[in-house]
Structures are given as structure tokens and as C-alpha cells.
Amino acid sequence: MTLASPYENLKPERFWRYGVALSNPQSVTNIHAPKWAIAPTDTVVTMGSCFAQHIATWLRDRDLNVPFFDTDNNIKSRSFSANYGNIYTVKQALQLTNEIAGTRSCSEKGWQAGDGFVDPLRPNVFTAPVGSVDAIGQLRSAHLKAVEKAFTELDVLVFTLGLTESWRVNACDTILPVAPGVAGGDYDPQKYSFVNFDYPEIRADLDQFCAAVRALRGGRDFKLILTVSPVPLTATYEDRHILQSSTYSKAVLRAVAGDFATENGFADYFPSFEIINNPAAKSTFFEDNFRSVKSDAVAVVMNHFMISYFPDGIAESQPATASPAQVTKPASAPATIAKSMDADCEDELLEGFADRHDVNARLGQDRQDMVVAFGDSHMVNSSKKIEEYDEAQNFAIAPVRFLANNPHREINVHRFRTFIFKEEHSNFKDFFVQHPKDLVLVGLGLCGDNIIRAHGDMKPEIEGASGSDITPTLPCLDAVTEELVQMYVQKIMPHIAFGLQLEKLTAYERIFWIISPDMPEQTARFRLGDHFVDGGYYNVHKKAYATAFNMLVHNVNRTKFIIHPWADLCNETGFTKNEFAGNDNLTNIHVNKDYYTFAVNQLFELMKAD
């Protein structure tokens with residue numbers, strides 16, 4: 001077959017439009033194809049710049065095998081695998097292995113810092129300076145033994161490259177982690193000199209470092225994951241703008257890491273730098289200083305990391321035979337609320353489940369036919385409709401607002417099988433899914449009222465407030481535009497990414513997703529105004545949203561979406577007929593249980609057919 005262009009049949013992520021411009025920066029599809037996986041029992045050691053600290057902390061929080069090999073005495077944190085502090089340059093790492101081997105040492109044994117001394121090669125490690133230079137020497141000897149043990153026992157080394165600029169001790173050619181005078185000692189231009197490593201130097205140092213680690217291991221091989229810190233330089237000693245120096249540093253390190261991984265089968269490059277600096281994120285992954293990486297951005301990176309290197313998930317923290325009664329309820333584990341859940345939905349949930357006692361209590365722990373229903377406030381009346389069927393006895397109900405744990409955030413650990421409720425919702429019984437088979441999602445940010453929420457949050461009823469005070473404004477458009485479709489693409493992508501996670505990381509055989517309903521017309525008139533409703537503008541938004549949804553839905557494979565029959569349930573304005581309104585409150589966006597007749601019927605037909 002003759003192609004019109006060599007780019008004709010490439011995957012979507014190979015094009016900027018789909019890979020970046022229309023992508024979800026929270027979940028970048030196919031951003032990494034790992035060479036190998038990490039076993040949950042593998043010993044992982046981390047080192048490098050400050051960003052590497054996040055990796056160790058994240059993995060330890062998930063009970064993975066990231067030991068701490070050094071002493072806890074007088075140290076600021078256990079962020080790395082040993083007390084080497086930040087190792088910003090590859091030269092520092094190489095020096096460390098050579099020092100362990102006894103082939104080099106630093107001529108400066110201790111720096112004055114306040115009333116004591118610190119180690120010039122790790123000046124920021126100690127909580128307080130120690131009393132003498134001799135004490136520094138003793139601590140360093142113990143530290144080198146700890147690092148040797150870490151290198152000897154590791155299976156996987158995660159090394160984050162941070163800087164090219166550094167400072168050198170002229171007398172012994174030792175590279176320092178910080179300039180003298182910053183965290184101890186005094187700067188003397190006769191004793192110290194500035195250095196900015198280039199590609200050949202860093203590449204040669206990385207080759208030698210890996211050879212040195214292998215020598216310490218008696219020739220045994222290991223796996224190496226290279227990353228580049230996304231944190232820009234704080235300052236540059238080069239006579240040029242900080243933007244130029246920071247870009248140079250990251251570009252050289254990225255090139256070294258990528259080339260080394262390409263040429264060595266034991267090494268892999270993980271694109272944390274690209275994920276954080278993705279233009280689609282519009283710098284929202286950084287704090288206001290445009291340098292510090294936000295904690296939720298670290299979570300984005302580590303979610304990609306876990307999906308890449310732990311493709312089968314990791315072991316459950318609860319035993320395979322655990323029951324809800326055996327699951328410890330966390331003291332405070334706030335759930336992340338789906339974007340579709342604004343404050344106006346809280347009362348709907350509280351009222352809807354207030355008269356239902358011992359929810360989920362009827363379920364036995366060994367039931368293999370349990371169906372998990374997970375959703376937002378739209379679950380109130382959809383579950384009432386489900387309860388009219390005999391099959392309801394199989395359903396375990398989990399409204400996201402009522403959960404004390406966060407099944408989504410814990411998906412790599414619990415694989416969406418552990419559901420623990422807040423103490424104030426004692427009418428709900430905790431449950432653990434012993435035999436995952438069917439998962440039913442309700443609402444959770446797709447379609448319906450979420451078309452409105454794509455333009456801003458909807459607020460609950462406020463005394464004296466008009467509908468426009470508690471509802472975002474939607475543009476009045478007569479036709480679908482490309483800009484509108486692209487806006488909805490951006491809003492839908494996080495929900496599709498959630499669906500992809502469920503398909504990839506959980507053992508549920510079947511996943512069904514009942515989308516959100518449109519708000520009743522009477523609510524739309526109060527919240528959005530007669531002009532918007534009568535002008536038919538909502539239909540334009542629904543068409544644009546449907547176009548965006550259809551562009552993305554092919555990414556999920558085994559999730560079956562249940563779409564409400566709008567022709568029967570909505571009037572010509574595009575909003576739900578008032579006969580299906582949840583109640584007479586004009587601010588209430590919800591529909592009654594009869595609205596869900598078709599959806600629930602279709603759900604049970606699909607479940608029987610498969």
C-alpha cells in the first residue's frame with residue numbers, strides 16, 4: 001500500500017494536536033513505554049536532586065520495598081535511601097562510589113556552621129551541626145558503609161539528574177553539592193572554582209558511575225531509571241539570563257539521560273520532566289514562583305510512574321480474605337470529590353439516604369455476584385430505581401461523598417476494592433470486594449448537568465440570591481464551534497482517563513457507566529434564564545459536548561456507557577421535562593427515580609446479555 005505521507009498512519013500521540021493540545025495533562029496517554037516492570041519485592045534505592053525525594057516518599061507510602069539504610073540520628077528526613085542529601089550532578093555520584101572504593105577523598109573534612117561543623121559533601125543533612133571535625137569524619141565513615149550496603153542490595157536505582165552547574169574544591173578536584181558559604185564554610189575564590197558540565201563530561205561520568213556501582217556489587221547487574229528534575233535553577237553563576245542557563249542545564253541532562261537509556265538495556269528513562277513541563281498544563285503544576293512543584297503534580301507524575309512500572313498493580317494492603325470489619329477506618333482520609341460534585345449536591349445525598357438503614361449490610365463477604373455502584377449525588381434516585389428490581393440485593397452502594405477513603409487515589413494499592421465510610425454515615429456498612437466482577441459508575445462528571453459545570457461551579461441555594469448568582473454563565477451560540485468542542489474535550493478527558501485507569505488497574509470483568517442527566521427545565525429557567533433556555537442554546541452545547549465525547553470515548557474498550565434517551569426525557573430546549581424533576585425546588589438540578597427507568601432497564605439487559 002502506498003501512503004500519501006510517512007505520517008499518515010501514526011498514532012495520535014505522535015502529533016502535537018492530539019498528544020499535547022487536546023490532551024489531558026493529568027493523564028498523558030502513552031507518554032512512556034517502559035523496558036521492564038518493577039516487582040513489588042524489588043529493593044528500590046533513590047538518589048539525585050530534590051525531586052527524587054518525592055519518589056522515595058511516594059513508594060514508601062505504598063508499602064513498597066524502599067529501605068532506609070542510614071542512621072536516623074540528627075538528620076532532617078529519610079527522604080532518600082541514605083543520608084547523602086541532594087546529589088545534583090553525576091560527578092557527585094561518581095565521587096561517592098570512588099570514595100566507597102577508597103580511591104578518593106575530599107581535602108576539606110568539615111565546614112564551620114554556627115557553633116559546630118557540617119560535612120561539606122552533604123551540608124544540609126544534619127538537624128544541627130556536630131561538635132568537631134573528627135565527629136564529621138566518623139559520621140562520614142558510617143555513611144559510606146550505609147551507601148555501600150544500599151548499592152549492594154538494590155535491584156532498581158532511581159537517579160534524578162538535577163544540575164550541570166556546580167562548585168569545585170581546587171585542592172582535590174572535589175565537586176560540592178552547594179557553593180561554599182551557602183550552607184557552611186566561607187567562599188574563597190582562590191580555593192574554589194565554578195564549573196558547568198557539558199554533555200561529554202556528564203555522559204562519561206554516568207558511564208563510570210554505573211561501572212563503579214556494578215563493581216561494588218561484584219559484577220551483578222541492576223536496573224537503572226533515569227529522570228530529569230523539572231525544577232528550574234534557583235540562580236546561575238554564568239553571565240547570562242537565568243532562563244538560558246536553566247534551559248541549557250535541563251537540555252543537556254535530558255539528552256544524556258535519553259541517549260544513555262537508548263544505548264543500555266539495563267537503563268530506562270522516565271519522562272517526569274516532560275509531564276510537569278507539559279504546555280497543556282499551562283504552568284499549573286508549579287507554585288506561584290514557577291519553580292516549586294505542587295504536591296498534586298507530584299501525584300500526577302507518580303501515577304504515570306506506577307502505571308508504567310507496576311502494570312499489574314501492587315499487592316493489596318489488606319489480606320485477600322479481609323472483610324469490611326477487618327479494614328481499619330482511617331482517622332482522617334478526605335476523599336477527592338469528583339468535579340461534578342459541587343456543594344449543592346450534599347443535601348441531596350443526605351436527604352436521599354437518610355431513611356435507608358444498614359445500607360450494604362445485607363451483602364455477605366463471599367458473594368461472587370456483588371455489583372459495586374459508585375457515583376455522585378445522581379446515585380440517590382438511580383439507586384431507588386434499582387431497588388425496585390430483584391437484582392438490587394446484589395448491589396453495594398458507595399456514594400463518593402460519604403467515603404472516608406479515596407478508592408480513586410488508592411487505585412494502585414486497593415485496586416478499587418476497598419470502600420470505607422465516614423463515621424457520620426454509620427447507616428452505610430463498609431465493604432471489601434472479594435470477587436470483583438461488575439462495577440457500575442453513576443454520573444461522575446460525564447454529560448448532563450456537567451455541561452454547565454464545565455463553565456464553572458454551581459452553588460447551592462443562597463437566601464436572596466438569583467439563579468445567575470449561583471450558576472456559571474454559558475455563551476449563547478447559534479452553532480457549534482471548534483473552540484467549544486475543544487473546551488469540552490479538555491473537560492471530558494480527566495473522566496475518560498479515570499475510566500482507562502479502571503480498565504487497566506482493576507480486576508472488574510465488566511464496567512458500566514450511567515451518565516449524568518440534564519437538569520429539569522424549571523431549574524434551567526431559574527439558574528440560566530428564560531433567554532438562554534428559549535433560545536435553544538443548550539442544544540448547541542449538547543451537540544458540541546457529544547462531539548467531544550465521541551472523539552474520546554474510543555480510548556476505553558470494555559466500559560459500556562448508558563446514555564439516556566433524550567428524545568423521551570427532554571423537551572425541545574434540551575433540558576429534562578419537568579415531570580421528571582426531583583422536587584419543586586427550582587435550584588435542584590436532580591431528577592426523580594422514574595427518569596432512570598430506561599437506564600436501569602438497559603443496565604440489567606446488558607448484565608444479562610454478557
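Right above here is the structure, for reference.
Residues numbered from 1 in each chain as written. Predicted model: local features only at pLDDT ≥ 70, side-chain atom pairs only at ≥ 80, totals over all residues. Heavy atoms only, no water.

Asks: When you look at the sheet that holds strand β4 (residues 156-161) in this model, what are you seeing that I'm missing?
Replies: Pairing between the strands of a sheet is mediated by backbone hydrogen bonds and can be parallel or antiparallel. Spatially, four strands are ordered β1-β4-β8-β9 in an open sheet, and the strand pairing comes out parallel. The sheet is open, and its two edges are formed by β1 (44-48) and β9 (267-269), each paired on a single side. Across this sheet, the average inter-strand angle for adjacent strands is 20°, counted without regard to direction. (Pairing = 2+ DSSP bridges. Helix = DSSP H or I, 4+ residues; strand = E, 2+ residues; numbered from the N terminus. Axes fitted to C-alpha atoms, helices over the stretch in contact; angles between N-to-C directions.)

Asks: What is the right way to look at unusual backbone geometry in this model?
Replies: Among all residues save glycine, negative phi is the norm, and among peptide bonds the norm is trans. Not every positive phi belongs to a glycine, and Lys282 is a case in point at roughly 55°. Summarising the element assignment, Lys282 is placed in the loop between α7 (272-276) and α8 (295-309). By relative accessible area, which is 70% here, Lys282 ends up exposed. Positive phi outside glycine occurs at Ser283, with the angle close to 65°. Within the secondary structure layout, Ser283 lies in the loop between α7 and α8. Given a relative accessible area of 39%, Ser283 falls into the partly exposed group. (Buried < 20%, exposed > 50% of the residue type's maximum accessible area, 1.4 Å probe, protein only.)

Asks: Explain the sheet that holds strand β5 (residues 165-169) here, please?
Replies: Taken together, three strands build an open sheet; the order of strands is β6-β5-β7 and the sheet is antiparallel. One side of each edge strand has no neighbouring strand; the edge strands of this open sheet are β6 (174-176) and β7 (192-196). In this sheet, adjacent strand axes meet at a mean angle of 40° when their direction is disregarded. Of the strand pairs in this sheet, β5 and β6 are connected by three bridges, and their pairing is antiparallel. Counted as the bridge partner of Arg168 is Ile175 from β6.

Asks: What's the story with the packing of helix α10 (residues 379-386) against helix α18 (residues 597-609) in this structure? I'm lost.
Replies: The geometry of a pair of packed helices is captured by two quantities: the angle between their axes and the separation between those axes. As a packed pair, α10 and α18 sit with axes 10 Å apart at the nearest point and diverge in direction by 60°. Classified by the angle their axes make, α10 and α18 are oblique. Considering how the two elements wind past one another, α10 and α18 form a crossing that is right-handed. Taken together, the residues of α18 that come into contact with α10 (itself represented by Ser382, Lys385 and Ile386) are Thr597, Val600 and Phe604. (Parallel < 35°, antiparallel > 145°, perpendicular 65-115°, else oblique. Left-handed = near helix turned anticlockwise from the far one by under 90°. Contact = heavy atoms within 4.5 Å.)

Asks: Looking at this structure, how should I read the layout of surface pockets?
Replies: Put simply, the second largest pocket is a space of about 520 Å³. Taken together, 23 residues line the second largest pocket, and the ones lying closest to its centre are Tyr88, Leu163, Pro177, Thr234 and Ala235. Examining the composition of the lining of the second largest pocket, we find that three residues originate from one element, β5, more than from any other. Considering only residue class, the lining of the second largest pocket consists of 14 nonpolar, six polar and three charged. (1 Å grid on protein atoms, 1.4 Å probe; cavity = no way out; pocket = protein on both sides within 12 Å on 5 of 7 lines; lining within 4 Å. Points joined across faces, edges and corners; volume = space filled by probe spheres on them. Nonpolar A, V, L, I, M, F, W, Y, C, P; charged D, E, K, R; others polar.)

Asks: Explain the side chain of Arg217 here, please?
Replies: By the element assignment, Arg217 lies in the loop between α5 (199-216) and β8 (223-228). No salt bridge is formed by the buried Arg217, whose closest oppositely charged neighbour, Asp155, lies at an N-O distance of 5.3 Å. Beyond its immediate chain neighbours, meaning those up to four positions away, Arg217 contacts Phe151, Thr152, Glu153, Leu154 and Phe222. (Lys, Arg positive; Asp, Glu negative; His and termini not counted. Salt bridge = Lys/Arg side-chain N within 4 Å of Asp/Glu carboxyl O.)

Asks: Can you help me understand a nonpolar patch on the surface in this one?
Replies: A cluster of nonpolar side chains, namely Tyr7, Phe15 and Tyr18, defines an oily patch on the protein surface of about 330 Å² accessible area. The topology assignment puts Tyr7 in the segment before α1 (16-21). The exposed category is assigned to Tyr7, whose relative accessible area is 55%. (Patch = residues over 30% accessible without salt bridge, like charges linked within 9 Å, V, L, I, M, F, W, Y side chains within 5 Å. Areas by Shrake-Rupley, 256 points an atom, 1.4 Å probe, with all protein chains shown as cover.)

Asks: How do you make sense of the pairing of strand β15 (residues 510-514) when you look at a structure like this?
Replies: One face of the sheet, then the other: side chains in a regular strand alternate in exactly this way. With respect to burial, β15 is a largely interior element, five of its five residues being buried. Burial along β15 is two-sided: Arg510, Phe512 and Ile514 and Ile511 and Trp513, pointing in opposite directions, are all buried. Relative to β15, strand β14 (residues 438-442) runs parallel, the two being bridged by five bridges. Bridge pairing in β15 links Val442 to Ile514. Here β15 runs beside strand β16 (residues 559-562); their pairing, made up of four bridges, is parallel.

Asks: Please clarify how the packing of aromatic side chains should be interpreted in this entry.
Replies: When we look at a pair of aromatic rings, we describe it by the centre distance and by the angle of the planes. With the rule as written, the count across this model stands at 31 aromatic pairs. Ring centres of Phe419 and Phe431 lie 4.7 Å apart, and the angle between their planes is 20°; on these two criteria the pair is classed as stacked. Linking Phe419 in strand β12 (residues 418-419) with Phe431 in strand β13 (residues 431-432), this pair joins segments that are 12 residues apart in sequence. Note on accessibility: Phe419 and Phe431 belong to one class, buried. Through a chain of ring-to-ring contacts, three or more aromatic side chains come together here, namely Phe374, Phe402, Phe416, Phe419, Phe421, Phe428, Phe431, Phe498, Trp513, Phe549 and Phe561. Sitting over the face of the ring of Phe266, Arg214 holds its NZ or CZ atom 4.8 Å from the ring centroid. Above the plane of the ring of Tyr248 lies Arg240, whose end atom (NZ or CZ) is 5.3 Å from the centre. (Phe/Tyr/Trp six-rings, centres within 6.5 Å; stacked < 30°, edge-to-face > 60°. Lys NZ or Arg CZ within 6 Å of the ring centre and 35° of its normal.)

Asks: I tried to follow the environment of Trp16 on my own but got confused; where do I start?
Replies: With respect to the helices and strands, the residue Trp16 is situated in helix α1. Judged by relative accessible area, which is 57%, Trp16 ranks as exposed. Counting along the chain gives 248 residues from Trp16 to Asn264, while the straight-line C-alpha distance between them is 28 Å. Apart from the residues lying within four places of it in its own chain, the contact partners of Trp16 are Ala21 and Pro279.

Asks: Would you explain helix α2 (residues 51-61) in this entry?
Replies: What sets the pattern is the α-helix's 3.6 residues per turn: residues three or four places apart point alike. For α2, the full list of buried residues reads Phe51, Ala52, Ile55, Ala56, Trp58 and Leu59. For α2, the angular spread of buried residues about the axis comes to 165°, placing them on one side. Residues of α2 that are buried in the fold lie against β1, β4, α7 and α8. Asp63 lies just past α2 and shows a positive phi near 60°. (Arc of directions from axis to C-beta.)

Asks: For this particular structure, what's the right way to read empty space enclosed by the protein?
Replies: A probe as big as a water molecule, rolled over the atoms, marks out the empty space that is left. Per the stated rule, a full pass over the model turns up three cavities of 30 Å³ or more. The volume enclosed by the largest cavity comes to roughly 170 Å³. Around the largest cavity, the lining comprises 17 residues; the ones closest to its centre are Gln92, Gln95, Leu96, Leu121 and Arg140. When residues of the lining of the largest cavity are traced back to their parent elements, those giving at least two are α3 (90-101), α4 (133-153) and β6. Top contributing element to the lining of the largest cavity by residue count: α3, with four residues. Split by residue class, the lining of the largest cavity holds seven nonpolar, six polar and four charged. By volume, the second largest cavity is sized at about 40 Å³. Every residue lining the second largest cavity is listed: Thr89, Val90, Lys91, Leu163, Phe197, Ile202, Asp205 and Leu253.

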